[in-house]
Amino acid sequence: MRIAHYGPPKTPGQPANAMAVHTDMTFTSILCQHEEEGLEILSKDGSWITPSRNSLTFLVGDELSVLCNGRLEPTIHRVTMRGNGHRYVTNYSSVPKNETVVQPPEELVDTEHPLLFKPFYHSDYLRFLFSQEGIKLIPNALKVFSGIITAAEEGKAEAN
Ligand SMILES: O=C(O)CCC(=O)C(=O)O
Ligand SMILES: [Fe+2]
């Protein structure tokens with residue numbers, strides 16, 4: 001568990017990007033904001049949702065998405081400081097061990113649900129994310145690192 005502190009925006013009244021758009025390199029993260037809000041979650045329709053401060057927000061991390069073979073998508077989120085107060089947030093996350101091979105159980109892979117991600121070690125994924133190449137790809141780094149192009153997608157790419 002981590003407790004993070006964010007100072008108010010440098011220019012009062014002007015929203016500040018305090019954490020860039022990303023997904024978490026975790027199985028799950030549970031966030032709790034104290035007093036000052038700021039968390040923003042990207043919804044399916046492209047709008048940003050702002051969870052209220054008195055709530056727990058459950059985020060699907062990259063590795064949970066792999067574990068359930070894409071049935072859940074990683075939560076895309078960012079932090080924008082709009083108020084002028086200090087912001088505190090607790091982040092309780094579950095993370096695979098470095099030597100864990102991240103892959104779905106075989107029950108979740110079949111002809112209707114082909115394997116979407118190549119199995120990988122958590123430590124290799126972290127190394128990629130913090131590389132010059134990986135960091136630029138956030139929030140789409142997972143697909144580039146381990147995504148399998150399906151036959152349907154390949155057909156689409158050839159047609160273009
Ligand atoms: O501060 C927050 O609300 C979110 C923090 C976050 O996204 C992270 O630490 O990965
Ligand atoms: Fe995050």
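Counting starts from 1 at the beginning of each chain's written sequence and moves along it residue by residue. In the order they appear in the text, chains get letters beginning with A and ligands get numbers beginning with 1. Two thresholds apply to this predicted model, a pLDDT of at least 70 for residue-level local features and 80 or more for giving and counting side-chain atom pairs, whereas whole-chain, interface and lining totals are computed over all residues. Each side-chain value is derived from all of the structure's non-hydrogen atoms; neither hydrogens nor water enter the calculation.

- Looking at an unreviewed UniProt entry, one finds the chain named Fe2OG dioxygenase domain-containing protein and attributed to Asparagus officinalis.

Focus on the sheet that holds strand 8 (residues 87–94)
1) Next: Taken together, the four strands give an open sheet; going across it, the order is 1-8-3-6, and neighbouring strands pair in antiparallel fashion. Because the sheet does not close on itself, it has two edges, and the strands there are strand 1 (2–6) and strand 6 (56–60). For this sheet the average axis-to-axis angle between neighbouring strands, irrespective of direction, equals 25 degrees.
2) Next: When DSSP finds at least two bridges between two strands, those strands are taken to pair. Runs of E in the DSSP output that reach at least two residues are strands. Runs of H or I that reach at least four are helices, and both are numbered from the N terminus. Here five bridges tie strand 1 to strand 8, and the two strands are oriented antiparallel to one another. Directly across from Ala4, in strand 8, lies its bridge partner Val89. Working convention: axes come from line fits to C-alpha atoms, limited for helices to the stretch in contact. Angles between N-to-C directions cover 0 to 180 degrees.

Some remarks on the coordination of the iron ion (ligand 2)
1) Next: Protein-derived coordination of the iron ion (ligand 2) comes from His22 (NE2), Asp24 (OD) and His77 (NE2), at a distance range of 2.1 Å.
2) Next: Each donor residue of the iron ion (ligand 2) belongs to the same chain, with the gaps between them written as H-x1-D-x52-H. No difference in accessibility class separates His22 from Asp24, as the two residues are buried. Only nitrogen, oxygen and sulfur atoms within 2.8 Å of the metal, or 3.2 Å for Na, K and Ca, are treated as donors, and water is left out, so sites may look incomplete. Per-residue accessibility, obtained with a 1.4 Å probe over protein chains only, is compared with the maximum for each type, and a residue is labelled buried under 20%, exposed over 50%, and partly exposed between these values.

Observations regarding the site of ligand 1
1) Next: As a structural note, the neighbourhood of ligand 1 is formed by Arg2, Tyr6, Met19, His22, Asp24, Leu31, Leu39, His77, Val79, Arg87, Val89 and Asn91.
2) Next: The separation between an oxygen atom of ligand 1 and a polar side-chain atom of Tyr6 is 2.5 Å.
3) Next: Within the side chain of Arg87, an N or O atom sits 2.7 Å from an oxygen atom of ligand 1.
4) Next: Notes on ligand 1: free accessible area 290 Å², of which the protein chains cover 93%.
5) Next: Mapped by element, the contributors of at least two residues to the shell around ligand 1 are strand 1, strand 2 (16–22), strand 7 (77–81) and strand 8.
6) Next: The element best represented in the shell around ligand 1 is strand 8, accounting for three residues.
7) Next: Charged means Asp, Glu, Lys or Arg here, nonpolar means Ala, Val, Leu, Ile, Met, Phe, Trp, Tyr, Cys or Pro, and polar covers whatever is left, Gly included. The residue inventory of the shell around ligand 1, partitioned by class, reads six nonpolar, three polar and three charged. Any residue with a heavy atom positioned within 4 Å of a molecule or strand is treated as near that molecule or strand. Whenever a nitrogen or oxygen atom comes within 3.5 Å of another N or O atom, the pair is scored as a polar contact, on the condition that within protein one atom can donate a hydrogen and the other can accept it, and that pairs from neighbouring residues in sequence are kept only if both atoms are in side chains. For the accessible areas, the method is Shrake-Rupley and the probe is 1.4 Å, while residue cover comes only from the protein chains on display.

Describing the nonpolar core
1) Next: We define the nonpolar core as a collection of buried residues of types Ala, Val, Leu, Ile, Met, Phe, Trp, Tyr and Cys that are connected through side-chain atoms lying within 4.5 Å of one another. Among the nonpolar cores identified, the biggest contains nine residues, and these are Val66, Val102, Phe117, Phe120, Tyr125, Phe128, Leu129, Ala141 and Leu142.
2) Next: Among the elements of the structure, helix 2 (122–129) and helix 4 (141–146) are those that each provide at least two residues to this core.
3) Next: The biggest single contributor to this core is helix 2, with three residues.
4) Next: Excluding anything up to four places from it in sequence, Phe120 contacts Glu63, Val66, Thr100, Val101, Val102, Tyr125, Leu142, Phe145 and Ser146.
5) Next: In terms of nonpolar packing, the next biggest core, distinct from the first, is built from eight residues, Leu31, Ile41, Val79 and Val89 among them. A contact between two residues is defined here by any heavy atoms of the two lying within 4.5 Å.

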